[in-house]
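One letter stands for each residue in the lines below.
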Amino acid sequence: MAAFRVCRLLRHGRLVHSEALAVAETTTEPPAPPPSLYPPVVASLTAKSRAAKLRRREMYYQQIHDAPTVEEKLRLYTKRQRRKYVVYPQTWAINADRWYQHFTKTVFVPELPALKEAAAAEPGGEAGGVDLSGLRSVVCEVLLQEHFYQRKKRPHLYRAIDQGPSPFLTHLMPALTTHLANLNPILAVSSADFKPEVNFYWMRGETVVPRGHRKGAVDPFRFQIDDKPHCQLRIPKQLSEFVPLDYVAPGEIPVISVLPDKLPLFKRQYDNRIFIGSKLADPCTYGHTQFHLLPDKVKRERLKRLGIADQIEASYRANGIASLFAWTGAQAMYQGFWSEADVTRPFVSQAVISDGRYFAFFCYQLNTLALTVEADKNESRKNICWGTESKPLYEAIEGNDVKGFDDEVLLQLAKFLLNRPKEF
């Protein structure tokens, strides 16, 4: 630091410091500018300009960010009603699975990930593994029960699943969970729902309003899934992730450049809903496994008769992608995440899709909710769906015997139900 020379001057018989040097000694910062007397210039909230629209959107997003509770976040997020595309998980539209991958930013992997489950023992084995022979007898008992005691009269059109497959799945899930509860303690504290409602509302992409008083305005595509699984299991802890959050899955997401009307999807306007099958106060707010029953309109015999046998597996994939995306997305929003506040951890769920005889298995990991044009900046983060092709659980039922029972399908069912969180 530079040394200042102090000059002493004699004034009126006294020694004083020079005023100029005293100012130099006190090195102060320049004074801050005075505060503005006028408010900042911002766009009007009621104007039709682009700046006004951006300001309204920012204020709306800030309201959601500042909401004190999750209930208030969901209310603000879903309060704006516009016409939206209704996505049906169980559809017979051609190649619907590719469209659903585009709508949900999902990569499909044609295999299952490694699951955390108890080791399977040989038939009749113990040692903490799955007693496969005992499990097979439980499933066969449920099958024969529904086969002998179902109504024998001819069912109504497209309602044949109500006589055999539907009651079979209804009784299969509690029978398996009860049998496997000693191997997986999370099953003992789980909550079972039968024919619940699962809803999810989201936005993806954008379009120009073609007509009406808002002609020319740029709007996002709005989507709503109103799913109704046959039954599902909810648990109080989250399942372990299959892969890390930023894992880059093999495969590409199909890009659909035409309007969703071509699938076809239709627009409706009603309340936007986000629901996992239970209210927020329920302690079991995480999904474990869903069981879905395919309708008669997508039965493989009918599709083969129509000459579109290649769409058999496509209907399974479309059901798995749409249903699990809606369920995991709703779970994430129950934890306070949304498109402008993306997930910081993956959300994982499983699904078993069946027509009563054939079973397909799907695992889903939700890695992102940022699907809007403004929020979708991280191209590497994608949702991932793993799945298998459908396989028959059995070949036929003759008398008191189930012919051609496939232990591999039964073992995969057991592995799904034995999947558990890290804490268990």
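Before reading on, note that the structure itself is shown above.
Residues numbered from 1 in each chain as written. Predicted model: local features only at pLDDT ≥ 70, side-chain atom pairs only at ≥ 80, totals over all residues. Heavy atoms only, no water.

**Focus: empty space enclosed by the protein**
Then, in step 1: Per the stated rule, a full pass over the model turns up two cavities of 30 Å³ or more.
Then, in step 2: When its volume is computed, the largest cavity comes out at roughly 60 Å³.
Then, in step 3: Top element by residues in the lining of the largest cavity is strand S6 (residues 198-208). It accounts for three residues.
Then, in step 4: The class makeup of the residues in the lining of the largest cavity is eight nonpolar, two polar and no charged.
Then, in step 5: Size it by volume and the second largest cavity reaches roughly 40 Å³.
Then, in step 6: Forming the walls of the second largest cavity are Ile64, Lys73, Leu74, Tyr77, Met333, Gly336, Phe337 and Trp338.
Then, in step 7: Looking at the lining of the second largest cavity residue by residue, the class counts come to six nonpolar, one polar and one charged. (1 Å grid on protein atoms, 1.4 Å probe; cavity = no way out; pocket = protein on both sides within 12 Å on 5 of 7 lines; lining within 4 Å. Points joined across faces, edges and corners; volume = space filled by probe spheres on them. Helix = DSSP H or I, 4+ residues; strand = E, 2+ residues; numbered from the N terminus. Nonpolar A, V, L, I, M, F, W, Y, C, P; charged D, E, K, R; others polar.)

**Remarks on the pairing of strand S8 (residues 231-235)**
Then, in step 1: Within S8, five of the five residues are buried, which leaves the element mostly enclosed by the surrounding structure.
Then, in step 2: Where strand S5 (residues 191-194) and S8 come together, four bridges link them in antiparallel fashion. Pairing of serine 191 across the sheet is with arginine 234, part of S8.
Then, in step 3: Here S8 runs beside strand S10 (residues 286-293); their pairing, made up of five bridges, is antiparallel. For isoleucine 235, the partnering residue across the bridge sits in S10 and is tyrosine 286. (Buried < 20%, exposed > 50% of the residue type's maximum accessible area, 1.4 Å probe, protein only. Pairing = 2+ DSSP bridges.)

**Things to note about the pattern of salt bridges**
Should their charged atoms come close, side chains of opposite charge can pair.
Then, in step 1: Counting across every chain of the model gives 16 salt bridges.
Then, in step 2: Glutamate 374 is the partner of arginine 57 in a salt bridge, and the nearest nitrogen-oxygen pair spans 3.2 Å. Taken together, the residues arginine 57 in helix H2 (residues 50-65) and glutamate 374 in the loop between strand S12 (358-366) and strand S13 (383-387) connect sequence positions 317 residues apart.
Then, in step 3: For arginine 57, a relative accessible area of 24% gives the class partly exposed.
Then, in step 4: A salt bridge links arginine 381 to aspartate 246; the nearest nitrogen and oxygen atoms lie 3.3 Å apart. With a gap of 135 residues between them, arginine 381 in the loop between S12 and S13 and aspartate 246 in the loop between S8 and strand S9 (267-268) connect regions that are remote in the sequence. (Salt bridge = Lys/Arg side-chain N within 4 Å of Asp/Glu carboxyl O.)

**Here's the deal with the packing of helix H5 (residues 132-149) against helix H6 (residues 165-180)**
Then, in step 1: The geometry of H5 relative to H6 is characterised by a closest axis approach of 10 Å and an angle of 155 degrees between their N-to-C directions. The orientation of H5 relative to H6 falls into the category roughly antiparallel. Regarding H5 and H6, the two cross each other, and that crossing is right-handed. Judged by residue contacts, Gly134, Leu135, Val138, Val139, Val142, Leu143 and Glu146 of H5 engage Pro167, Phe168, His171, Leu172, Ala175, Leu176, His179 and Leu180 from H6. (Axes fitted to C-alpha atoms, helices over the stretch in contact; angles between N-to-C directions. Parallel < 35°, antiparallel > 145°, perpendicular 65-115°, else oblique. Left-handed = near helix turned anticlockwise from the far one by under 90°. Contact = heavy atoms within 4.5 Å.)

**Some points on the nonpolar core**
Then, in step 1: Core analysis: the biggest nonpolar cluster contains 111 residues, and Tyr100, Leu180, Phe200, Trp202 and Phe359 have the highest contact counts within it.
Then, in step 2: It is helix H8 (residues 311-334) that contributes the most residues to this core, 13 residues altogether.
Then, in step 3: Once you skip the residues sitting within four places of it in the chain, tryptophan 202 turns out to touch Tyr77, Val87, Phe103, Thr104, Phe221, Arg222, Phe223, Gln224, Ile225, Phe325 and Leu371. (Core = buried A, V, L, I, M, F, W, Y, C linked by side-chain atoms within 4.5 Å.)

**Comments concerning unusual backbone geometry**
Then, in step 1: Following leucine 263, the chain continues to proline 264 via a peptide bond in cis, the omega torsion being 15 degrees.
Then, in step 2: Residue position: proline 264 is located in the loop between S8 and S9.
Then, in step 3: In this structure, asparagine 95 takes a positive phi of about 55 degrees despite not being glycine.
Then, in step 4: If you trace the backbone, asparagine 95 turns up in the loop between strand S3 (84-87) and helix H4 (96-104).
Then, in step 5: For asparagine 95, a relative accessible area of 33% gives the class partly exposed.
Then, in step 6: Even without a glycine there, the phi angle at lysine 105 is positive, about 55 degrees.
Then, in step 7: Following the sequence through the fold, lysine 105 ends up in the loop between H4 and strand S4 (106-109).

**As for a positive patch on the surface**
Then, in step 1: Among the surface-exposed residues, Arg50, Lys53, Arg56, Lys79, Arg80 and Arg82 lie close enough to one another that they form a single positively charged patch.
Then, in step 2: Its place among the elements puts arginine 50 in helix H2.
Then, in step 3: Since its relative accessible area comes to 67%, arginine 50 is described here as exposed. (Patch = residues over 30% accessible without salt bridge, like charges linked within 9 Å, V, L, I, M, F, W, Y side chains within 5 Å. Areas by Shrake-Rupley, 256 points an atom, 1.4 Å probe, with all protein chains shown as cover. Lys, Arg positive; Asp, Glu negative; His and termini not counted. Charge placed at Lys NZ, Arg CZ, Asp CG, Glu CD.)

**A word on the layout of surface pockets**
Then, in step 1: Approximately 1000 Å³ is the volume attributed to the largest pocket.
Then, in step 2: The wall of the largest pocket is formed by 33 residues, among which Lys53, Arg57, Arg80, Val218 and Asp219 lie closest to the centre.
Then, in step 3: With nine residues, H2 is the largest single contributor of residues to the lining of the largest pocket.
Then, in step 4: The class makeup of the residues in the lining of the largest pocket is 14 nonpolar, five polar and 14 charged.
Then, in step 5: Its boundaries defined by the atoms lining it, the second largest pocket holds a volume of some 670 Å³.
Then, in step 6: Together, 28 residues line the second largest pocket, and Gln90, Arg159, Lys228, Leu293 and Pro295 are the ones closest to its centre.

**Topic: H6**
Then, in step 1: In a regular helix each residue adds 1.5 Å, so 16 residues correspond to 22 Å; H6 covers 22 Å between its end C-alpha atoms and thus fits that length.
Then, in step 2: If you check which residues of H6 are buried, you get Pro165, Ser166, Pro167, Phe168, Leu169, Leu172, Met173, Leu176, Thr177 and Leu180. (Expected span 1.5 Å × (residues − 1).)

**What to know about the side chain of lysine 382**
Then, in step 1: Within the secondary structure layout, lysine 382 lies in the loop between S12 and S13.
Then, in step 2: The charged side chain of lysine 382 is buried without a salt bridge, its nearest counter-charge being glutamate 252 at 4.0 Å.
Then, in step 3: Apart from the residues lying within four places of it in its own chain, the contact partners of lysine 382 are Lys105, Val107, Gly251, Glu252, Ile253, Asn367 and Thr368.

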